[in-house]
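# Architecture at a glance
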Amino acid sequence: MRRSYLLGTILAAGLAGCAMGQKGNAVVTFDRARPPLLQTATADGEYALYDTMSADPICTYNLHQDDPLGFKAGTTGQVLAVAGEQEIPVPADKGYTWKRR
């Protein structure tokens, strides 16, 4: 019992470690189990796109409050990460998060 609890704790800490290195507050997330969600920027500032398993941002953009921010389906079944007028194709088999930094 103790061994499985310890193993579970170590595994959970390792998986959380990737997201813990990401700077900022999550605004909108894409998860392949749900349809893409397009929202708006919550405030003026810098927004960074992260793969949920990486501490380094894929890209960053300066946005104004109410600029489009999130994810939408592309024409060929891919997912597009959206930041203002920018659309960044990302593989649909991973998870992503836009964070305000």
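Read on for an overview of the structure. Bear in mind the structure is a predicted one, so any value in this text is a computation, not a measurement. (Residues numbered from 1 in each chain as written. Predicted model: local features only at pLDDT ≥ 70, side-chain atom pairs only at ≥ 80, totals over all residues. Heavy atoms only, no water.)

### Considering the overall build of the protein chain
Per the secondary structure count, the protein chain includes one helix and eight strands. Put simply, the protein chain runs from its N terminus to its C terminus through helices and strands in the order α-β-β-β-β-β-β-β-β. The proportion of buried residues among the 101 residues of the protein chain is 29%. In the protein chain, 59% of the contacts between residues at least 6 apart in sequence involve partners at least 24 apart. On the protein chain, roughly 6,600 Å² of surface is accessible, and the fraction owed to carbon and sulfur atoms is 55%. (Helix = DSSP H or I, 4+ residues; strand = E, 2+ residues; numbered from the N terminus. Buried < 20%, exposed > 50% of the residue type's maximum accessible area, 1.4 Å probe, protein only. Contact = heavy atoms within 4.5 Å. Areas by Shrake-Rupley, 256 points an atom, 1.4 Å probe, with all protein chains shown as cover.)

### Considerations on the sheet that holds strand S2 (residues 38-40)
Strand order in this open sheet of four strands is S2-S5-S6-S7, and the pairing throughout is antiparallel. Unpaired on one side and paired on the other, S2 and strand S7 (86-90) mark the two borders of the sheet. Neighbour-to-neighbour, the strand axes of the sheet open up by a mean angle of 15 degrees, direction not taken into account. Sheet analysis places strand S6 (residues 79-83) next to S7, joined by five bridges and oriented antiparallel. Looking at the pairing, Leu80 lines up with Pro89 of S7. (Pairing = 2+ DSSP bridges. Axes fitted to C-alpha atoms, helices over the stretch in contact; angles between N-to-C directions.)

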